[in-house]
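Chain by chain, the residues:
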Amino acid sequence: MNCRKKCFFIFSFSIFIAAIVVALFFSWQPVKIIAIHQYHNRSDILVDRYPWSDKGKIEWWRSNRFFLQEKYGIPKPDDTGDYSIAIWRFGDGYKALEKYDRLCFDDMPPPNNCIEKDRLMYITLTRDGEVSYWLNNTRYIQKAHGELVEVGFN
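Q: What is the right way to look at the packing of aromatic side chains in this model?
A: When we look at a pair of aromatic rings, we describe it by the centre distance and by the angle of the planes. Taken as a whole and judged by the stated rule, the model has 3 aromatic pairs. Between the aromatic rings of Tyr 50 and Trp 60, the centroid separation amounts to 5.2 Å while the plane-to-plane angle is 70°, which identifies the pairing as edge-to-face. Note that Tyr 50 is positioned in the loop between strand 2 (42-48) and helix 2 (54-72) and Trp 60 in helix 2, a separation of 10 residues in sequence. Pairing Phe 67 with Tyr 72 gives two aromatic rings, centres 6.3 Å apart and planes at 90°, and the pair type is edge-to-face. Classification of Phe 67 by relative accessible area gives partly exposed; the value is 42%.

Written as C-alpha coordinates, this is what we have:
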(Lines give C-alpha, C1' and ligand atoms only; values in the text may rest on other atoms or scores of the structure.)
Protein backbone atom coordinates (compact mmCIF):
# COMPACT_ATOMS: atom_id res chain seq x y z
CA MET A 1 0.00 0.00 0.00
CA ASN A 2 1.47 3.32 -0.96
CA CYS A 3 1.68 6.32 1.33
CA ARG A 4 -1.30 8.12 -0.21
CA LYS A 5 -3.62 5.14 0.40
CA LYS A 6 -2.32 4.71 3.95
CA CYS A 7 -2.90 8.38 4.75
CA PHE A 8 -6.40 8.24 3.26
CA PHE A 9 -7.21 5.10 5.27
CA ILE A 10 -5.91 6.60 8.53
CA PHE A 11 -7.78 9.86 7.91
CA SER A 12 -11.05 8.04 7.09
CA PHE A 13 -10.71 5.78 10.10
CA SER A 14 -10.05 8.77 12.36
CA ILE A 15 -13.18 10.55 11.08
CA PHE A 16 -15.21 7.39 11.65
CA ILE A 17 -13.97 7.01 15.24
CA ALA A 18 -14.56 10.71 15.96
CA ALA A 19 -18.14 10.41 14.67
CA ILE A 20 -18.79 7.44 16.95
CA VAL A 21 -17.36 9.27 19.96
CA VAL A 22 -19.53 12.34 19.27
CA ALA A 23 -22.65 10.20 18.79
CA LEU A 24 -22.01 8.32 22.02
CA PHE A 25 -21.36 11.57 23.90
CA PHE A 26 -24.70 13.05 22.82
CA SER A 27 -26.62 9.81 23.38
CA TRP A 28 -25.38 9.63 26.98
CA GLN A 29 -26.47 13.16 27.81
CA PRO A 30 -29.53 13.17 30.07
CA VAL A 31 -32.81 14.59 28.83
CA LYS A 32 -33.26 18.15 30.03
CA ILE A 33 -36.82 19.25 30.79
CA ILE A 34 -37.05 22.94 29.94
CA ALA A 35 -40.70 23.65 30.73
CA ILE A 36 -44.11 22.11 31.33
CA HIS A 37 -47.32 23.66 30.04
CA GLN A 38 -50.72 22.27 31.03
CA TYR A 39 -54.19 22.94 29.71
CA HIS A 40 -56.97 20.81 31.18
CA ASN A 41 -55.97 17.16 30.59
CA ARG A 42 -53.22 18.02 28.07
CA SER A 43 -49.60 18.41 29.08
CA ASP A 44 -46.82 19.77 26.88
CA ILE A 45 -43.27 18.91 27.90
CA LEU A 46 -40.46 20.92 26.28
CA VAL A 47 -37.11 19.12 26.27
CA ASP A 48 -33.56 19.22 25.02
CA ARG A 49 -31.47 16.12 24.24
CA TYR A 50 -34.28 13.61 23.80
CA PRO A 51 -33.32 10.05 22.75
CA TRP A 52 -33.06 9.41 19.01
CA SER A 53 -34.65 5.99 18.70
CA ASP A 54 -38.32 5.14 19.20
CA LYS A 55 -37.34 2.56 21.79
CA GLY A 56 -35.20 5.12 23.64
CA LYS A 57 -38.02 7.69 23.66
CA ILE A 58 -40.56 5.24 25.03
CA GLU A 59 -38.10 3.90 27.58
CA TRP A 60 -37.34 7.44 28.78
CA TRP A 61 -41.06 8.06 29.33
CA ARG A 62 -41.57 4.74 31.12
CA SER A 63 -38.53 5.36 33.34
CA ASN A 64 -39.55 8.93 34.22
CA ARG A 65 -43.36 8.84 34.37
CA PHE A 66 -43.49 8.51 38.16
CA PHE A 67 -41.01 11.37 38.59
CA LEU A 68 -43.09 13.54 36.22
CA GLN A 69 -46.28 12.59 38.07
CA GLU A 70 -44.76 13.45 41.43
CA LYS A 71 -43.02 16.68 40.42
CA TYR A 72 -45.35 18.11 37.75
CA GLY A 73 -48.65 16.22 38.12
CA ILE A 74 -48.29 14.64 34.67
CA PRO A 75 -50.40 13.02 33.35
CA LYS A 76 -53.39 15.03 34.44
CA PRO A 77 -56.47 12.98 33.50
CA ASP A 78 -59.92 14.52 33.15
CA ASP A 79 -63.11 13.16 34.74
CA THR A 80 -63.23 10.29 32.25
CA GLY A 81 -59.57 9.35 32.86
CA ASP A 82 -58.40 10.56 29.44
CA TYR A 83 -55.16 12.49 29.06
CA SER A 84 -52.64 13.45 26.42
CA ILE A 85 -49.00 14.36 26.67
CA ALA A 86 -46.95 15.91 23.89
CA ILE A 87 -43.17 16.04 24.14
CA TRP A 88 -41.66 18.81 22.02
CA ARG A 89 -38.11 19.74 21.08
CA PHE A 90 -37.42 23.13 22.68
CA GLY A 91 -34.97 24.00 19.91
CA ASP A 92 -34.06 27.68 19.75
CA GLY A 93 -36.38 28.63 22.59
CA TYR A 94 -39.53 30.68 22.83
CA LYS A 95 -40.39 32.90 19.89
CA ALA A 96 -43.08 35.32 18.82
CA LEU A 97 -45.97 33.91 16.78
CA GLU A 98 -44.79 35.50 13.48
CA LYS A 99 -45.29 32.26 11.50
CA TYR A 100 -48.68 30.56 11.28
CA ASP A 101 -47.44 27.12 12.32
CA ARG A 102 -45.93 27.68 15.75
CA LEU A 103 -47.30 26.24 18.96
CA CYS A 104 -48.19 28.99 21.44
CA PHE A 105 -48.90 28.63 25.15
CA ASP A 106 -51.69 30.60 26.80
CA ASP A 107 -50.08 30.34 30.24
CA MET A 108 -47.31 32.72 29.13
CA PRO A 109 -47.63 36.36 28.08
CA PRO A 110 -46.95 37.12 24.40
CA PRO A 111 -45.02 37.87 22.34
CA ASN A 112 -42.41 35.20 23.14
CA ASN A 113 -44.74 32.36 24.11
CA CYS A 114 -44.44 30.07 21.06
CA ILE A 115 -42.14 27.28 19.87
CA GLU A 116 -41.52 25.64 16.53
CA LYS A 117 -43.71 22.55 16.12
CA ASP A 118 -41.19 19.73 16.42
CA ARG A 119 -43.08 17.01 18.29
CA LEU A 120 -40.95 14.11 19.46
CA MET A 121 -43.66 11.93 20.96
CA TYR A 122 -47.37 12.01 21.74
CA ILE A 123 -48.80 9.84 24.52
CA THR A 124 -52.48 9.10 25.13
CA LEU A 125 -54.56 6.67 27.12
CA THR A 126 -56.78 4.44 24.96
CA ARG A 127 -60.39 3.51 25.74
CA ASP A 128 -59.12 0.07 26.75
CA GLY A 129 -56.80 1.55 29.37
CA GLU A 130 -53.70 0.98 27.26
CA VAL A 131 -51.06 3.62 26.65
CA SER A 132 -50.60 4.74 23.05
CA TYR A 133 -47.27 6.21 21.90
CA TRP A 134 -47.26 8.17 18.63
CA LEU A 135 -43.79 8.67 17.17
CA ASN A 136 -42.68 9.96 13.77
CA ASN A 137 -44.27 7.40 11.45
CA THR A 138 -45.16 4.70 13.93
CA ARG A 139 -47.64 4.06 16.69
CA TYR A 140 -47.05 1.71 19.60
CA ILE A 141 -49.55 0.38 22.14
CA GLN A 142 -48.48 -0.69 25.58
CA LYS A 143 -50.85 -3.44 26.65
CA ALA A 144 -52.18 -3.63 30.21
CA HIS A 145 -49.73 -6.45 31.02
CA GLY A 146 -46.77 -4.34 29.81
CA GLU A 147 -46.18 -5.74 26.32
CA LEU A 148 -45.29 -3.06 23.74
CA VAL A 149 -46.78 -3.68 20.29
CA GLU A 150 -46.08 -1.73 17.10
CA VAL A 151 -49.41 -1.09 15.37
CA GLY A 152 -48.58 1.61 12.84
CA PHE A 153 -51.13 4.29 11.99
CA ASN A 154 -54.74 3.30 11.51
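Q: How do you make sense of the pairing of strand 7 (residues 131-135) when you look at a structure like this?
A: Across a regular strand the side chains alternate sides, sitting on one face of the sheet and then on the other. By the criterion of burial, strand 7 is predominantly enclosed, with 4 of the 5 residues buried. In the sheet, strand 6 (residues 119-125) pairs with strand 7 via 4 bridges, with the strands oriented antiparallel. From the neighbouring strand, Tyr 122 faces strand 7, where its bridge partner is Trp 134. Between strand 6 and strand 7, which follow one another and run antiparallel, lie 5 residues, and Gly 129 among them has a positive phi close to 80°. As paired strands, strand 7 and strand 8 (residues 138-142) are joined by 5 bridges and run antiparallel to one another. Its bridge partner lying in strand 8, Ser 132 is registered against Ile 141. Joining the antiparallel neighbours strand 7 and strand 8 is a turn of 2 residues.

Analysis parameters
- Residues numbered from 1 in each chain as written.
- Predicted model: local features only at pLDDT ≥ 70, side-chain atom pairs only at ≥ 80, totals over all residues.
- Heavy atoms only, no water.
- Phe/Tyr/Trp six-rings, centres within 6.5 Å; stacked < 30°, edge-to-face > 60°.
- Helix = DSSP H or I, 4+ residues; strand = E, 2+ residues; numbered from the N terminus.
- Buried < 20%, exposed > 50% of the residue type's maximum accessible area, 1.4 Å probe, protein only.
- Pairing = 2+ DSSP bridges.

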